[in-house]
Amino acid sequence: MSKSHKSIPRRRPTWPEATVPVDGLVLGLDPGPTETGWCVLAVRPGEVPAVLEHGHDLNDKVADMIRRGRRRFVLVAVEGVVAFGGRANGALLRTAQAIGRFKEAGRGIAFQEMNRRAVMIHLTGIATGPGAKVSKADMQATVQQLLGLSAPIRPQHANDACCAGLVLWGHPRVQQVADAEAERQQQRKARPRRRKSAA
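A quick note: this is a predicted structure, and the numbers were derived from the prediction, not measured.

Trainee: What exactly am I supposed to notice about the overall build of the chain here?
Mentor: Per the secondary structure count, the chain includes six helices and five strands. Written out in order from the N terminus, the α and β elements of the chain read β-β-β-α-β-α-β-α-α-α-α. Among the 199 residues that make up the chain, the fraction classed as buried is 40%. Of all intrachain contacts in the chain linking residues separated by at least 6 positions in sequence, the fraction that spans at least 24 positions is 66%.

Here it is in structure tokens:
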């Protein structure tokens, strides 16, 4: 199983409080139909999470890692699958089955599943959609900046797994997005309505 070099922070970024109480090792997962990106984070209250190891392996190997880590991990954070237009293709179904195997392998460990849109909003403050695309490279740069790492996490699937684990924290950018949206709503309400002209 692949392992990363130790990630040494270049600086100590400010880090918000966790939205859920976590103290221990968190396993982030970016599942796929046959392979899954993974990242192990050491989490302590009030401290910047530390990336201990990460990789991209076959789903069977990841399930075995979870099974062996039942007493090691306090939480498994998974980026879930989304069927666009209500349609699920074969790859999505196999990915969903993989998530089910991971949950079975980690019976007794808390699992938290979230969609990719929630992950992006939490970490970048940008929602997915037309004109608001976030690339894989953008996500790598974001994680590197948030954790103060000397280099981005590679491969990209491992970085996405790290993102899933980091969603536990409400980063200040999330509040900035919420405030901006609330301001736009207020501006819309304040606009004078146009009167319909008589026919």
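Trainee: Just checking my understanding: could you explain the environment of Gly 148 for this structure?
Mentor: Locating Gly 148 in the fold gives a position in the loop between α4 (136–147) and α5 (156–166). Judged by its relative accessible area of 1%, Gly 148 is buried. Note: C-alpha distance between Gly 148 and Val 48 (100 residues apart in sequence) is 8.9 Å.

Trainee: Explanation requested: the packing of helix α3 (residues 116–124) against α4 in the structure shown.
Mentor: A pair of packed helices is captured by two measures, namely the crossing angle of their axes and the spacing between those axes. Put simply, α3 and α4 touch, their axes get as near as 10 Å, and they point 45° apart. Compared by their axis directions, α3 and α4 come out oblique. When the axes of α3 and α4 are compared, the crossing they make is left-handed. In contact with Arg 116, Val 119, Met 120, Leu 123 and Thr 124 of α3, α4 contributes Lys 136, Met 139, Thr 142 and Leu 146. Of the residues assigned to the contact of α3 with α4, the class counts are five nonpolar, two polar and two charged.

Quick notes on the rules
- Residues numbered from 1 in each chain as written.
- Predicted model: local features only at pLDDT ≥ 70, side-chain atom pairs only at ≥ 80, totals over all residues.
- Heavy atoms only, no water.
- Helix = DSSP H or I, 4+ residues; strand = E, 2+ residues; numbered from the N terminus.
- Buried < 20%, exposed > 50% of the residue type's maximum accessible area, 1.4 Å probe, protein only.
- Contact = heavy atoms within 4.5 Å.
- Axes fitted to C-alpha atoms, helices over the stretch in contact; angles between N-to-C directions.
- Parallel < 35°, antiparallel > 145°, perpendicular 65-115°, else oblique.
- Left-handed = near helix turned anticlockwise from the far one by under 90°.
- Nonpolar A, V, L, I, M, F, W, Y, C, P; charged D, E, K, R; others polar.

Fair warning: the whole summary comes from geometry, so function is off the table for now.
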